[in-house]
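# Observations on the model geometry
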Amino acid sequence: MLDKQNKYTGRRIRSSYFTTIISISLVLFMLGILGLIILNAKQISNHVKENIGFSIILKEGIKEVDIAQIQKSLDAESFVKSTHFIHPDSAAAELQRELGEDFINFLGYNPLLSSIDVKLNADYANTDSLSVIESNLSDNPKIKEVFYQKDLVSLVNENVNKISFYLLAFSALLLTIAMALINNTIRLSIYSKRFLIKTMQLVGAKSSFIQKPFILKGIGNGIIASTISIGLILIFLYYLEKQIPEIIDFNNIELYGALFLMVIILGILISWISTILAVRKFLRMETGNLYY
Amino acid sequence: MIVDISSATIYQRDNQVLQNVNLKIDSGEFVYLIGKTGSGKSSLLKTLYGELALKEGNATVVDFDLNTIKRNKIPFLRRKLGIVFQDFQLLTDRNVYDNLKFVLTATGWDDKSKMESRINEVLSSVGLTNKGYKFPHELSGGEQQRVVIARALLNEPDLILADEPTGNLDPETSEEILKLLVEISNRGKAILMATHDFHLMEKFPSRTLKCENGQVVDTPSPKRKNSGLQTEITEERRSGGENL
């Protein structure tokens, strides 16, 4: 009978911690998912940006050695992601297919020149960098023209900027909500112990002695909660991978490691700080005010 | 001298409740503190254990100067005091043994076997041997109050402050608790006990202080069949009862 009662009391105390931990881990899970979106948004925007490129139209009668040399020096540049040489014949075949007309027979010769398609690294895919690159390349006597769509480049950048701004604003909002929620949950769980805290003070315990177990518990709860939330994120990723495999780049393990580390640090930090603030508040409160 | 207060004014927040308080208590003295509810008994006790700051006058309690005591020194003052409350104030989330152990670890004990023997010592001195495993809610009011007294005794305090320790107990249990407190005072500890229980005071007469009209005055202890005092007592009890 007594044992049963003790067990019941124990269970009640544990279950109150359980709810706190679950609330914290759900909030952290939400933050983690947002982090995933942000990480992959970068991925997606990079993907779009890296498909932006320009074409270098080479002068007529250029030697194969010169072409190879230009391509090689381009490949060595930091702004270049990849280069692709297009022979006039293959360019003509492509154009012919698009037009549906045999224009070489009609003209009697192939008017197209050799060209190199250059794909840029995401960091350089903006109008400023492109105009610098363009002017540098135009100085080369073997290059006739550098060709790219200015509008497309600025349009892509504008949209990416807009979307990242909203995403960031949304994350800031969510982070604030998360902190408020966790802070509130912890405050409530410590509020329920305010009389214990007062009693501890009355029997001569120092403030630091009273705080210690609460803080340790807070940090422990933070660790457990962030572990649970990482587990949830992994489950989420597993099902996402099954449904839409192309959306997430699973090769970037380090990035995910950093995300999980962030979740753990955030979980510990938020519950640590909230615990200290809440306990300190009740330590300083007069007995009479505890009843409100 | 355990308590030495001279021309002190006691405030509850910004309200002055007692003024020109002069009070001396020697070691081993048993002192009752009576007065209507709201007359300042609790405020006086709270001032003695550092819950309320002393703003005017001089006071030393167990060698601590209440005028100059800093916030972070108050725990050390309380370690020299035993405090007993009407509503017990036990740590409800742990059993009796751990309640007492908490006090010992909080006040700097670290030898496990010494702690255990001290806990058993105080528990047996209040007649609660073998009840250490019980949670506070599993004990009767009288037993809980004994635990509180045991807790107050842990660090061999020179002064025990009791704020209506029998206020929540039936007459028989109250008498047992009071016997226990008297016994403790006979062992050389000073006790200042706020109370409304005039039956007990009749049975165990001792020095009595009264809070009245914003003053603390020594007053004769109520005696049996003293009609004049008796009426005052019933009045007192009635007004106390209303406010419970």
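Keep in mind that this is a model prediction, so the values were computed, not measured.

### Some details on the layout of surface pockets
A probe as big as a water molecule, rolled over the atoms, marks out the empty space that is left. Volume-wise, the second largest pocket comes out at about 760 Å³. Every residue lining the second largest pocket is counted, 29 residues in all, and those nearest its centre are Gly50, Glu51, Arg71, Ile74 and Arg78 of chain B. At the level of elements, α7 (194-202), α8 (207-243) and α9 (253-284) of chain A together with α2 (74-79) of chain B are the ones that each hand at least two residues to the lining of the second largest pocket. Partitioned by chemical class, the residues of the lining of the second largest pocket number 11 nonpolar, eight polar and 10 charged.

### Focus: helix α6 (residues 150-191) of chain A
Taking 1.5 Å as the rise per residue, α6 of chain A with 42 residues should run 62 Å; its terminal C-alpha atoms sit 61 Å apart, in good agreement. Listed as buried for α6 of chain A are Val153, Val156, Asn157, Val160, Leu167, Ser171, Leu174, Ala178, Ile182, Ile186 and Ile190 of chain A.

### Some details on the nonpolar core
Membership of the largest hydrophobic core comes to 74 residues, with the highest contact counts inside it found for Ile190 and Ile197 of chain A together with Ile149, Leu178, Leu181, Ile184 and Met193 of chain B. Per-element accounting of this core gives the leading share, nine residues, to α9 of chain A. Setting aside chain neighbours within four positions, we find Ile184 of chain B in contact with Ile149, Leu153, Ile160, Lys189 and Ile191 of chain B. The next biggest cluster of nonpolar side chains, apart from the first, holds 33 residues, and it includes Ile10, Tyr49, Leu77 and Ala190 of chain B.

### Comments concerning a nonpolar patch on the surface
There is a patch of nonpolar side chains on the surface, built from Leu261, Ile265, Leu269, Trp272, Ile273 and Leu277 of chain A and spanning about 570 Å² of accessible area. Tracing the chain through its elements places Leu269 of chain A in helix α9.

### Topic: the sheet that holds strand β6 (residues 81-85) of chain B
Residues and elements named next belong to chain B. Taken together, the six strands give an open sheet; going across it, the order is β6-β7-β8-β3-β9-β10, and neighbouring strands pair in mixed fashion. Where the open sheet ends on each side, the last strands, each with one partner, are β6 and β10 (215-219). Sheet twist, expressed as the average angle between the axes of neighbouring strands with direction ignored, equals 20°. As paired strands, strand β7 (residues 159-163) and strand β8 (residues 190-194) are joined by five bridges and run parallel to one another. Following the sheet pairing, Ile160 is matched in β8 by Ile191.

### Focus on the confidence of the model for chain A
The predicted model of chain A has a mean per-residue pLDDT of 82, with 93% of residues at 70 or higher. Taking the mean pLDDT of every element in chain A, the minimum, 74, falls on helix α1 (residues 2-50) of chain A and the maximum, 91, on α8 of chain A.

### Considerations on the packing of helix α5 (residues 141-153) of chain B against helix α6 (residues 171-186) of chain B
Residues and elements named next belong to chain B. Here α5 crosses α6 at 15°, and the two axes come no closer than 10 Å. The angle between α5 and α6 falls in the class roughly parallel. By crossing handedness, the relation of α5 to α6 is classed as right-handed. Residues Gly142, Gln145, Arg146, Ile149 and Leu153 of α5 pack against Thr173, Glu176, Ile177, Leu180, Leu181 and Ile184 of α6.

### What to know about the pairing of strand β1 (residues 53-58) of chain A
All names here are of chain A. Here β1 runs beside strand β3 (residues 115-120); their pairing, made up of five bridges, is antiparallel. Across the sheet, Phe54 pairs through a bridge with Val118, a residue of β3. Note: β1 against strand β4 (residues 143-147), four bridges, orientation antiparallel. The residue bridging Ser55 from the neighbouring strand is Phe147, located in β4.

### A few points about the environment of Leu269 of chain A
On the basis of relative accessible area, Leu269 of chain A is assigned to the partly exposed category, the value being 41%. In sequence terms Leu269 of chain A and Ile223 of chain A are 46 residues apart; their C-alpha atoms lie 9.7 Å from each other.

### Describing the packing of aromatic side chains
What the rule picks out here adds up to eight aromatic pairs over all chains. Relative to Phe236 of chain A, the ring of Phe29 of chain A has its centre 6.3 Å away and its plane inclined at 85°; by these criteria the two rings are edge-to-face. A residue pair is termed long-range when its members are at least 10 positions apart, and Phe29 of chain A in helix α1 and Phe236 of chain A in helix α8 qualify at 207 residues. The class of Phe236 of chain A is partly exposed, set by a relative accessible area of 33%. On the numbers, 5.9 Å between centres and 55° between planes, the contact of Tyr191 of chain A with Phe282 of chain A is tilted. A residue pair is termed long-range when its members are at least 10 positions apart, and Tyr191 of chain A in helix α6 and Phe282 of chain A in helix α9 qualify at 91 residues. The side chain of Arg194 of chain A reaches across the aromatic face of Tyr191 of chain A, ending 3.9 Å from its centre. Over the ring of Tyr11 of chain B we find Lys55 of chain B, and its NZ or CZ is 5.3 Å from the ring centre.

### A short note on unusual backbone geometry
All names here are of chain B. Despite not being glycine, Gln89 shows a phi value in the positive range, around 55°. When you line up the elements, Gln89 lands in the loop between β6 and α3 (96-106). Look at Gln89 and you get buried, because its relative accessible area is 14%. The backbone phi angle of Asn130 is positive, close to 70°, even though this residue is not glycine. Along the chain, Asn130 falls in the loop between α4 (112-125) and α5.

### What to know about the sheet that holds strand β2 (residues 15-25) of chain B
Residues and elements named next belong to chain B. Spatial strand order, β2-β1-β4-β5: four strands in an open sheet with antiparallel pairing. Each end of this open sheet is capped by a strand with a single partner; those strands are β2 and β5 (64-65). By the bridge criterion, five bridges tie strand β1 (residues 3-12) to strand β4 (residues 56-61) in an arrangement that is antiparallel. Counterpart to Ile5 in the pairing with β4 is Ala59. Its contacts with the sheet put helix α1 (residues 41-48) on β1, β2 and β4, and the angle it makes with β1 is roughly 120°.

Scoring rules and cut-offs
- Residues numbered from 1 in each chain as written.
- Chains lettered and ligands numbered in written order.
- Predicted model: local features only at pLDDT ≥ 70, side-chain atom pairs only at ≥ 80, totals over all residues.
- Heavy atoms only, no water.
- 1 Å grid on protein atoms, 1.4 Å probe; cavity = no way out; pocket = protein on both sides within 12 Å on 5 of 7 lines; lining within 4 Å.
- Points joined across faces, edges and corners; volume = space filled by probe spheres on them.
- Helix = DSSP H or I, 4+ residues; strand = E, 2+ residues; numbered from the N terminus.
- Nonpolar A, V, L, I, M, F, W, Y, C, P; charged D, E, K, R; others polar.
- Expected span 1.5 Å × (residues − 1).
- Buried < 20%, exposed > 50% of the residue type's maximum accessible area, 1.4 Å probe, protein only.
- Core = buried A, V, L, I, M, F, W, Y, C linked by side-chain atoms within 4.5 Å.
- Contact = heavy atoms within 4.5 Å.
- Patch = residues over 30% accessible without salt bridge, like charges linked within 9 Å, V, L, I, M, F, W, Y side chains within 5 Å.
- Areas by Shrake-Rupley, 256 points an atom, 1.4 Å probe, with all protein chains shown as cover.
- Salt bridge = Lys/Arg side-chain N within 4 Å of Asp/Glu carboxyl O.
- Pairing = 2+ DSSP bridges.
- Axes fitted to C-alpha atoms, helices over the stretch in contact; angles between N-to-C directions.
- pLDDT = per-residue confidence, 0-100.
- Parallel < 35°, antiparallel > 145°, perpendicular 65-115°, else oblique.
- Left-handed = near helix turned anticlockwise from the far one by under 90°.
- Phe/Tyr/Trp six-rings, centres within 6.5 Å; stacked < 30°, edge-to-face > 60°.
- Lys NZ or Arg CZ within 6 Å of the ring centre and 35° of its normal.

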